[in-house]
Amino acid sequence: MVIVVKTGATQEVVQNLIDKVAELGFTPHPIYGVEKTVVAVIGDKTQEKIEMLESMPGVERIVPILQPYKLAARDVRPEGTEIELGRGVTIGGKRVVMMAGPCAIESADQYLTIGRYVKQAGGAVLRGGIFKPRTSPHDFQGLREDGLPILRQVREELDILLISEVLDPRGVELMYDVVDIFQIGTRNMQNFSLLTECGKADKPVVIKRGMCATLDDLLKAAEYVLVEGNRRVILCERGVRTFETQYRNTLDISAVPALKAMSHLPVIVDPSHAAGRSDIVPALCKAAVAAGADGLLVETHCAPQEALVDGSQAVDAGAFQELMADLKPFAQAAGRTL
Ligand code: PEP
Ligand code: MN
């Protein structure tokens, strides 16, 4: 259940409420919004305890959360959650946040070149993996630890936010100082120890939907991060496995409005891993923006034909610049900026 706190309640009143919740044997999860503060309450409830809380000063009302994802549910924050990413960028508000970059970081030169044109075209976040989850152990696994100094250098030199995949719980500490957003990949959506570790970290987390996961599964995965106290969770639709062979996965565009109805968390779309081919990426970006996505995660490479990973789905510099220009009117039509 969620305790909706009266507008204007003092910090002392809120603290008393939190203490009471704990005293009754529940785990309180205060969520401070710009307009409303709520306290999500996890634990088995009795009518008697609910009534006790209802009569506390500062309580506007108590809303039961019937869904299994208690903290991610829309009812916790009907107005939606806007998340600070850093450097003045927020997601979940008016701006559609463009995150773009190579699948894998290959060298400082390659990453700087891509970072420069991504930033110049209006990208807010630069992506790039140093730990790559590959289906075959014989394929390039990323620069791994050797990529850490490159992340640090490019982040400082370009003054841009970075998102990078964290492959295991150990990576959370390893990458903490050099990235702004942790990415949990499709294969790791139900890696519960990784989710928990990211939940303990004070960094936004993008959770990509498992390629065979339902939206319910995705929200329960998000719950693992939220329950540890990390409120900055972003959901990502990146295509699911179907029988179609014309593209790598099938972009489930319905997931965008459906997730937004189910949850207060921001939702982004990765059209690149859905498509597996660069030619249809721009159309999928437009569809995502039209469907209400709060951001995009796009693969781009300065020389896609030479890319060590996922070159076929990477748009080149020119196509990326064109995409940014073409997306603007779509964002505008959706009442957003880019
Ligand atoms: C990636 O973003 O490069 C990636 C591996 O994505 P996914 O986990 O969606 O396959
Ligand atoms: Mn990739």
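Residues numbered from 1 in each chain as written. Chains lettered and ligands numbered in written order. Predicted model: local features only at pLDDT ≥ 70, side-chain atom pairs only at ≥ 80, totals over all residues. Heavy atoms only, no water.

J.: So what exactly am I meant to see when it comes to the side chain of His 273 here?
T.: On the secondary structure map, His 273 appears in helix α9 (residues 271-275). At a separation of 2.7 Å, a polar atom in the side chain of His 273 contacts the side chain of Asp 270. Setting aside residues up to four positions removed in sequence, His 273 forms contacts with Arg 127, Lys 208, Arg 238, Arg 248, Asn 249, Glu 299, Asp 310 and Gln 313. (Helix = DSSP H or I, 4+ residues; strand = E, 2+ residues; numbered from the N terminus. Polar contact = N/O pair within 3.5 Å; in protein donor to acceptor, adjacent residues only side chain to side chain. Contact = heavy atoms within 4.5 Å.)

J.: I'm lost on the side chain of Asp 310 in this one. Help?
T.: Following the sequence through the fold, Asp 310 ends up in the loop between β14 (295-299) and α11 (317-333). Leaving out residues up to four positions away in the same chain, Asp 310 has contacts with Cys 103, Arg 248, His 273 and Glu 299.

J.: Would you mind showing me how to read helix α3 (residues 108-120) here?
T.: Each full turn of the α-helix corresponds to 3.6 residues, which orients residues three or four apart in the same direction. Over its 13 residues, α3 runs 18 Å from end to end, which matches the ideal 18 Å to within 8%, given 1.5 Å per residue. Inspection of α3 places Gln 110, Tyr 111, Leu 112, Ile 114, Gly 115, Tyr 117 and Val 118 among the buried residues, and these make up the whole buried set. Positive backbone phi, at 105°, marks Gly 122, one or two positions downstream of α3. (Expected span 1.5 Å × (residues − 1). Buried < 20%, exposed > 50% of the residue type's maximum accessible area, 1.4 Å probe, protein only.)

J.: Before we go on, may I ask you to explain the coordination of the manganese ion (ligand 2) in this structure?
T.: Geometry sets the ideal angles at a metal, namely 109.5 degrees for four tetrahedral donors and 90 or 180 degrees for six octahedral donors. In the first shell of the manganese ion (ligand 2), the protein supplies Cys 103 (SG), His 273 (NE2), Glu 299 (OE) and Asp 310 (OD), at 2.0 to 2.4 Å from the metal. As a motif over one chain, the donors of the manganese ion (ligand 2) read C-x169-H-x25-E-x10-D. Of this pair, Cys 103 sits in the loop between β7 (97-101) and α3 while Asp 310 sits in the loop between β14 and α11, and the two are 207 residues apart along the sequence. Residue classification places Asp 310 among the buried positions, given a relative accessible area of 18%. (Donors = N, O, S within 2.8 Å, 3.2 Å for Na, K, Ca; no water.)

J.: Mind showing me how you'd approach the layout of surface pockets here?
T.: It is a probe the size of a water molecule, rolled over the atoms, that shows where empty space is left. Of the volumes computed, that of the largest pocket is approximately 440 Å³. Of all the elements in the fold, those that place two or more residues in the lining of the largest pocket are β2 (27-32) and β5 (83-86). Of all the elements, β2 adds the most residues to the lining of the largest pocket, at three residues. Each residue belonging to the lining of the largest pocket can be placed in one class, and the counts come to eight nonpolar, five polar and eight charged. Reported here for the second largest pocket is a volume of approximately 240 Å³. (1 Å grid on protein atoms, 1.4 Å probe; cavity = no way out; pocket = protein on both sides within 12 Å on 5 of 7 lines; lining within 4 Å. Points joined across faces, edges and corners; volume = space filled by probe spheres on them. Nonpolar A, V, L, I, M, F, W, Y, C, P; charged D, E, K, R; others polar.)

J.: Sorry if this is basic, but what is going on with the site of ligand 1 here?
T.: What surrounds ligand 1 is a group of 13 residues, the closest being Arg 127, Lys 132, Thr 186, Lys 208 and Arg 238. Contacts to ligand 1 include Gln 183, whose side-chain N or O atom sits 2.9 Å from an oxygen atom. For ligand 1, whose free accessible area comes to 290 Å², the fraction covered by protein is 97%. Looking at side-chain class alone, the shell around ligand 1 contains two nonpolar, four polar and seven charged residues. (Near = heavy atom within 4 Å. Areas by Shrake-Rupley, 256 points an atom, 1.4 Å probe, with all protein chains shown as cover.)

J.: In this structure, what is going on with the nonpolar core? I would like to understand it.
T.: Nonpolar side chains in soluble globular proteins tend to be buried together. Grouped together as the largest cluster of nonpolar side chains are 80 residues, with contacts concentrated most on Met 98, Leu 151, Met 175, Ile 207, Leu 296, Val 298 and Phe 320. Here this core gets seven residues from one element, more than from any other, and that element is helix α7 (residues 215-226). Those residues in contact with Ile 207 that sit more than four places away from it in its chain are Ile 184, Met 189, Leu 195, Leu 218, Ala 221, Ala 222, Val 225, Val 233, Ile 234, Leu 235 and Cys 236. (Core = buried A, V, L, I, M, F, W, Y, C linked by side-chain atoms within 4.5 Å.)

J.: Hey, could you run me through empty space enclosed by the protein in this one?
T.: Counted under the stated rule, the structure contains one cavity of 30 Å³ or more. The computed volume of the largest cavity comes to approximately 30 Å³. If you go around the largest cavity, the residues you meet are Arg 127, Gly 128, Gly 129, Lys 132, Ile 163, Ser 164, Glu 165 and Gln 183. Here the element with the most residues in the lining of the largest cavity is strand β9 (residues 161-165); it accounts for three residues. The class makeup of the residues in the lining of the largest cavity is one nonpolar, four polar and three charged.

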